[in-house]
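Descriptive analysis of the structure
Next come the chains, spelled out residue by residue.
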Amino acid sequence: MLDFSSALYLGMRHPAATLAPWSSLSLGKPAALQEPPGALALAADLAALQGCEAACVLPSTLHLFWDLFGMLASERLVILIDGGSYAIARWGAERAQALGLPLRLFPSGEVMALRRLAAAWRGQGRRPLILADGYVPGSEQVLPLAAYAAVAREGAGYLLLDDTQVLGVCGAQGGGSARLHGLPGGSDGQGGQLIIGASLAKGFGAPLAVLAGSRQLVRRFIAHSQTRVHASPPSAAVLAAARRALVLNARQGDALRARLVARVAQWRAGMKAAGIACRGGAFPVQRLPGCAHLQDVLRQAGVLALAQAGGRAGTLTFLLRADHTPAQLQEATGLLEHHIRRQYARSI
């Protein structure tokens, strides 16, 4: 089966035999009482990778955004959400809304709409907390994150990025959106502040979350975090996998990213040659509108893709990886072209 449903973009997998050993999977105590072995050093390396002053690791982005928005709800802010942002970060924002912060959506990528909202709420004494994804899967556009950061700076607020799709895949050394867009990874000295929440589960293949930003903000987060008190910290196995991912990234990450870029270019060239509409730009999430109904016939032929939104009007999504071979992409492209042509022939 050719699998195009996995978001391990760089092809990083961490078999147990490749991981450093541990004496105990868990300490049996929360991170607020004692950090798991290696967690602080790993967080420091992840902060440096993203160009940030400090970082903290957590079991998941759900833990991260729950705590972060709960903490920020104590400030006089307004939450301004880019319409393309992912659900988990929005769940955190809804927690802050339940705690009293106003929340508004603006169309994805629309800087002027964001500016108008920020200006209107500034008149009510509220600073902007702008939530956006580093990349919106399937989108052709690159979000104007530098412009978002400027709006946050003008309002002495925050730009909060969910960088799960981007970390490991884009930016210098795979450092993500801050590196890609030249955003300062702490307080910029002019009133604005960048906060990054991300999972390593995609680019780096380790189910671990990292919160990165200024030293002051990370210290405050650690002091106020509820999940670090009431939930288990990351396991020794997950920390070992994340450590191995960073070692692999230092050794061969650039080569893997270059290979991934080549695979995406090959895929898009094949789609264009076959006359198949495809969305996703240069990112490895490639969506074929109106093709969801082909999922079953492709699976029967040995190709697994994701059907989204259901029905004939749904989208068929292919997640490309660095460990896909050119021959595998060619095979999937050929099957798509065959079945789309066959469908067209039946309709006339």
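This text goes with the structure placed above it.
Treat the numbers as computed from the prediction; the structure is a model and nothing was measured.

A look at the packing of aromatic side chains
For the structure on display, the rule yields seven aromatic pairs. Seen from their ring centres, F106 and Y148 are 5.6 Å apart, and the 80 degrees between their planes marks the pair as edge-to-face. Taken as a pair, F106 in strand β4 (residues 103–106) and Y148 in helix α5 (residues 145–154) lie far apart in primary sequence, 42 residues in all. Each of the two residues, F106 as well as Y148, counts as buried. An aromatic cluster is defined as three or more aromatic residues linked by ring pairs; in this entry it consists of F4, W267 and F318. One Lys or Arg, R95, reaches over the ring of W66 and ends 4.0 Å from the middle of that ring.

Some remarks on the packing of helix α4 (residues 111–122) against α5
Helices that pack against each other are described as a pair by the angle of their axes relative to one another and the distance between those axes. Interaxial distance between α4 and α5 falls to 10 Å at its minimum, and their mutual angle equals 10 degrees. Regarding the angle of α4 to α5, the classification is roughly parallel. Between α4, through V111, L114, R115 and A118, and α5, the contact on the second element is made entirely by A147, Y148, A150, V151 and E154.

A few points about the sheet that holds β4
One open sheet holds the seven strands; their spatial order is β2-β8-β7-β6-β5-β3-β4, and the pairing between them is mixed. If you trace the sheet from one side to the other, it starts and ends with β2 (54–58) and β4, each paired once. Within the sheet, the average angular offset between the axes of one strand and its neighbour, ignoring direction, is 20 degrees. With four bridges joining them, strand β7 (residues 193–199) and strand β8 (residues 209–213) adopt antiparallel strand pairing. Among the inter-strand pairings, S199 is bridged to a residue of β8, identified as A209. Along the sheet face, helix α2 (residues 61–72) touches β2, β3 (77–82), β5 (127–133), β6 (158–162), β7 and β8 and points at about 155 degrees away from the line of β7.

Definitions and limits used
Along each chain, residues carry numbers from 1 onward, in the same order as the chain's sequence is written. Residues qualify for local features only when their pLDDT is at least 70, as the model is predicted, and side-chain atom pairs are given and counted only at 80 or more; totals for whole chains, interfaces and linings, by contrast, use all residues. Computation of side-chain values: all heavy atoms of the structure, hydrogens and water removed. Pairs were defined over the aromatic rings of Phe, Tyr and Trp, the Trp ring being its six-membered one, requiring ring centres within 6.5 Å. Orientation was assigned from the angle between planes: stacked under 30 degrees, edge-to-face over 60, tilted for the rest. Counting from the N terminus, the helices are DSSP H or I runs at least four residues long and the strands are E runs at least two residues long. Only protein chains enter the accessibility calculation, which uses a 1.4 Å probe; a residue is then buried when its area is under 20% of its type maximum, exposed when over 50%, and partly exposed in between. Think of it as a cone above the ring: NZ of Lys or CZ of Arg counts as a charge over the ring if it is within 6 Å of the ring centre and within 35 degrees of the ring normal. Note on definitions: angles span 0 to 180 degrees between N-to-C directions of axes, and those axes are lines fitted to C-alpha atoms, for helices only across the stretch in contact. Orientation labels follow simple angle bins: below 35 degrees gives roughly parallel, above 145 gives roughly antiparallel, 65 to 115 gives roughly perpendicular, and whatever is left gives oblique. Whether two residues touch is decided by their heavy atoms; if any such pair falls within 4.5 Å, the residues are in contact. When DSSP finds two or more bridges between a pair of strands, those strands are recorded as paired.

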